[in-house]
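# Summary of the model geometry
For reference, the chains in residue letters:
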Amino acid sequence: MSDSDDDDYMSDKFLPENIPDIKPGLITNYGKRRLQAKEPPQQKKRKVLESEARDEGLSKSIAQTNKGFAMLAKMGYKEGMGLGKKGEGMKVPILVEVKAG
C-alpha cells in the first residue's frame, strides 16, 4: 500500500469546498416551519354552517317520501295545488324568519 493522498479512501478531498453546514430537520425560521407544517383546512363557523344548512333545506321542496307530504296526499293534495276545500289557499309554505340575538 502506498502512502500517497490519492489512495487514502478515508479522506474528504472528493467533497466540494463550499458546502454550507445545514443540519437536516432543523428549521430556524418560524415562517418556514409554519409553511412546512401540514395545517388542516379552516372549518367554517357554526353560525355559517347552520345558515347554509337552513338555506339549503328551505330551497328544496318537500320530498314525496316525507310523512307530512304523505298525509296531505291521502287527503287529496297534489303538488303545486293550493290548500283548502277548493284548492285556493296557500301554495307556498310560510317563510322562516330567524331572529338575531
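Residues numbered from 1 in each chain as written. Predicted model: local features only at pLDDT ≥ 70, side-chain atom pairs only at ≥ 80, totals over all residues. Heavy atoms only, no water.

## Comments concerning the overall build of the chain
Note the cut-off: Starting at the N terminus, helices and strands are each numbered in turn, a helix being any DSSP run of H or I of at least four residues and a strand any DSSP run of E of at least two. Using a 1.4 Å probe on the protein chains alone, a residue whose accessible area is under 20% of its type maximum counts as buried, one over 50% counts as exposed, and one in between counts as partly exposed. Note on areas: Shrake-Rupley, 1.4 Å probe, and residue coverage restricted to the protein chains presented here.
Broken down by element type, the chain carries three helices and zero strands. In the chain, the order of α-helices and β-strands from amino to carboxyl end is α-α-α. In the chain, which comprises 101 residues, the proportion classed as buried is 5%. Put simply, the chain shows about 10,800 Å² of open surface, and 56% of that area lies on carbon and sulfur atoms.

## Some remarks on the pattern of salt bridges
How we decide: One side-chain nitrogen of Lys or Arg within 4 Å of one carboxyl oxygen of Asp or Glu is enough to make a salt bridge.
Under the criterion given, the structure shown has three salt bridges. Here Arg46 ties to Glu50 by a salt bridge, and the two come within 3.3 Å at their closest N and O atoms. Linking Arg46 with Glu50, this pair stays in helix α2 (residues 46-59), spanning four residues, or about one helical turn. Salt-bridge contacts for Lys60 lead to Glu56; the nearest nitrogen and oxygen are separated by 3.6 Å. Its relative accessible area of 54% is what places Lys60 among the exposed residues.

## Focus on the layout of surface pockets
Note the cut-off: Two kinds of site are reported from a 1 Å grid over the protein atoms alone, namely cavities, where a 1.4 Å probe fits but cannot get out, and pockets, open sets with protein on both sides within 12 Å along at least five of seven lines, and residues are called lining when an atom falls within 4 Å of a point. Grid points are joined across faces, edges and corners, and a volume is the space filled by probe spheres set on the points. Only Asp, Glu, Lys and Arg are considered charged, only Ala, Val, Leu, Ile, Met, Phe, Trp, Tyr, Cys and Pro nonpolar, and every remaining residue, Gly among them, polar.
Of the pockets and cavities examined, the largest pocket occupies roughly 600 Å³. Taken together, 19 residues line the largest pocket, and the ones lying closest to its centre are Ile62, Tyr77, Lys91, Val92 and Pro93. Of all the elements in the fold, those that place two or more residues in the lining of the largest pocket are α2 and α3 (67-74). Split into classes, the residues belonging to the lining of the largest pocket amount to 13 nonpolar, three polar and three charged.

## Quick look at α3
The line we're drawing: Polar contacts, as counted here, are pairs of nitrogen or oxygen atoms within 3.5 Å of one another; within protein the pair requires one atom able to donate a hydrogen and one able to accept it, and residues that are adjacent in sequence qualify only if both atoms are side-chain atoms.
Backbone nitrogen of Gly68 and a side-chain oxygen of the N-cap are separated by 2.7 Å at the start of α3; the cap is Asn66. Of the residues flanking the end of α3, it is Gly76, one or two places downstream, whose phi is positive at about 105°.

## Concerning the packing of aromatic side chains
Put simply, the test is: Side-chain rings of Phe, Tyr and Trp, where Trp is taken by its six-membered ring, are said to pair if the distance between their centres is within 6.5 Å; with planes under 30 degrees apart they count as stacked, over 60 as edge-to-face, and otherwise as tilted.
Applying the stated rule across the entire model yields one aromatic pair. Measuring from centroid to centroid gives 6.2 Å for Phe69 and Tyr77, while their planes differ by 80°, and the two rings are edge-to-face. With a relative accessible area of 11%, Phe69 lands in the buried category. A residue is classified by how much of its surface remains accessible, and Tyr77, at 18% relative accessible area, is buried.

In short, the description is geometric, and any link to function would need to be established separately.
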